[in-house]
Amino acid sequence: MKKFLKDYKKIIAIVLSVVLVAGVFAACSQAKKEDDIDNNNVSTVDDELAAIQKAGKFVVGVEGTYAPFTYHDDNGELTGFDIEVAKAVAEKLGVEAEFVEAPWDSLLAGIDSGRLDTVINCVSITDDRKEKYDFSNPYLYITTQIVVRNDNDSIKTVADLKGKKVAANTTNIYAPWFEENGATIVPIETASDAVNLLVSGRADFIGFNALLLQSYLKEHPDTEIHPEFEIPASEELVAIPIKKDESRLVEAVNKALEELQQDGTLKTLSEKYFSDNFTESAN
């Protein structure tokens, strides 16, 4: 029995030693991970914010052909509202923005593949996109407006659309809504087609993105059209998509946007490119 107790005590001592060593290793491992993040050493951690800060760049996908969001100016320089927003956010993250231009259809796939950190190109939040990406807080709010000629007093409310003609693409997201409210669709291919039909009297109204309408009127100040009212519940939220489960990066981007909102940067940029402030919700 004495021999058994002696052996039993030895076994207990060995087990306790193993547990103690394991605990020390676990603590060291956690401390090492935290140090790696703090020092931007991402060779041993899976954290996109740390990777971005170590690389010194925030890789942003853009079209480069979608004025006034992302486009090339007369000197060939990449510019636009979203370009300046991306640069400002990157600066808040302590890095520089690096832009990768690609067609719209391939931009979000760049996040999936890891080629891009994000896409800042008027990306609206949708249910389908939320299944694949996490989003920052919105930084742009866009409604769709009912636009009429200046000499048209017959359209003031939704009820007045009945029996009227609307110039719209048949695939327009609001095409069913127009028809539900009694309007007849006159098919078009481009926004310019819609404006031409409205001005010429071949259409009674158009549904126009409020932000793009402001830009259009800025470039064509003599066009005699104006917004009459907003389509109910049409506010579109524009935000920054980020790969799923990168909470630190989402938090950092949200903090950057909040600071840019508070110091007036977003408002200034919106008024610069859209002639009005669309960085706050109308609701």
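These lines cover the structure that appears in this document, whether it is placed above or below. Please read these numbers as outputs of a predicted model, since none were measured by experiment.

### Quick look at helix α3 (residues 81-93)
Counted at 1.5 Å a residue, the expected span for α3 with its 13 residues is 18 Å, and the 19 Å between its end C-alpha atoms agrees. If you check which residues of α3 are buried, you get Phe81, Asp82, Ile83, Val85, Ala86, Ala88, Val89, Ala90 and Leu93. Where α3 ends, the next residue or the one after it, Gly94, has phi of about 85°, a positive value.

### Brief notes about the sheet that holds strand β5 (residues 118-119)
Pairing is parallel in the open sheet, where three strands are placed in the order β4-β1-β5. At either margin of the open sheet sits one strand with a lone partner, and together these are β4 (96-101) and β5. Inspection of the sheet shows strand β1 (residues 57-62) paired to β5 by two bridges, in the parallel sense. The partner of Val60 across the bridge, within β5, is Thr118.

### Let's talk about the packing of aromatic side chains
Tallied over the full model, the rule gives eight aromatic pairs. Ring plane angle 50° and centroid distance 5.5 Å describe the contact between Phe69 and Phe274, whose orientation is recorded as tilted. Taken together, the positions of Phe69 in the loop between β1 and β2 (71-72) and Phe274 in helix α10 (residues 265-274) put the pair 205 residues apart, joining distant regions of the chain. Taking relative accessible area as the criterion, Phe69 reaches 1% and is therefore assigned buried. Looking at Phe274, the relative accessible area reads 0%, which means it is buried.

### Digging into the packing of α3 against α10
Interaxial distance between α3 and α10 falls to 10 Å at its minimum, and their mutual angle equals 160°. The pairing of α3 with α10 is recorded here as roughly antiparallel in orientation. The handedness of the crossing between α3 and α10 is right-handed. Contact residues: α3 offers Phe81, Glu84 and Val85, while α10 offers Leu266, Leu269, Ser270, Lys272, Tyr273 and Phe274. The residue makeup of the contact of α3 with α10, split by class, is six nonpolar, one polar and two charged.

### Regarding the pairing of strand β10 (residues 184-187)
Relative to β10, strand β9 (residues 165-168) runs parallel, the two sharing four bridges. Looking at the pairing, Lys165 lines up with Thr184 of β10. Note that the unit made of β9, helix α6 (residues 175-180) and β10 has a crossover that is right-handed.

### Side note on the environment of Ile188
Structurally, the position occupied by Ile188 is in the loop between β10 and α7 (191-200). Residues Ile188 and Ala168 lie 20 residues apart in sequence; the distance between their C-alpha atoms is 5.6 Å. Setting aside its immediate chain neighbours within four residues, Ile188 contacts Ala167, Ala168, Asn169, Asp193, Ala194 and Leu197.

### Focus: the sheet that holds strand β8 (residues 144-149)
Taken together, the three strands give an open sheet; going across it, the order is β11-β8-β12, and neighbouring strands pair in antiparallel fashion. The two strands at the open ends of the sheet, each matched to only one other strand, are β11 (206-209) and β12 (225-230). Across the sheet, the mean angle separating the axes of adjacent strands is 45° when strand polarity is ignored. Relative to β12, β8 runs antiparallel, the two being bridged by five bridges. Residue pairing in the sheet places Ile146 in a bridge with Phe229 of β12. The strands touched by α7 within the sheet are β8, β11 and β12, with β11 carrying the most contacts at an inclination of about 135°. Here helix α8 (residues 210-219) sits on the sheet and contacts β8, β11 and β12; the angle it forms with β11, its principal contact strand, is near 90°.

Thresholds, definitions, all that
- Residue positions within a chain follow its written sequence, with the count starting from 1.
- Given that the model is predicted, a residue must reach a pLDDT of at least 70 before its local features are reported, and side-chain atom pairs must reach 80 or more before they are shown or counted; all residues, however, enter totals for whole chains, interfaces and linings.
- Calculation of side-chain values draws on the structure's entire complement of heavy atoms; hydrogens and water are dropped beforehand.
- The helix and strand labels rest on DSSP assignments: H or I over at least four residues marks a helix, E over at least two residues marks a strand, and numbering proceeds from the N terminus.
- Take the residue count of a helix, subtract one, and multiply by 1.5 Å to get its expected span.
- We call a residue buried when its accessible area falls under 20% of the maximum for its residue type, exposed when it is over 50%, and partly exposed in between, using a 1.4 Å probe and counting protein chains only.
- Any two strands between which DSSP finds at least two bridges are classified as paired.
- Paired rings are identified among Phe, Tyr and Trp, the last through its six-membered ring, by centres lying within 6.5 Å, and are further divided according to the angle between planes into stacked (under 30 degrees), edge-to-face (over 60) and tilted (the rest).
- Fitted lines through C-alpha atoms serve as axes, helices being fitted only where they are in contact, and the angles separating the N-to-C directions of these axes extend from 0 to 180 degrees.
- Between 65 and 115 degrees an angle is taken as roughly perpendicular, under 35 as roughly parallel, over 145 as roughly antiparallel, and anywhere else as oblique.
- A crossing counts as left-handed when the near helix is turned anticlockwise from the far one by less than a right angle, and as right-handed when that turn is clockwise.
- Note on contacts: a residue pair qualifies if any of its non-hydrogen atoms lie within 4.5 Å across the two residues.
- Each residue is assigned to one class: nonpolar for Ala, Val, Leu, Ile, Met, Phe, Trp, Tyr, Cys and Pro, charged for Asp, Glu, Lys and Arg, and polar for all the others, Gly among them.
- Throughout, right-handed denotes a crossover for which the path from the first strand over the helix to the second runs clockwise when the strands point away from the viewer.

Purely geometric stuff here, so don't read any function into it on its own.
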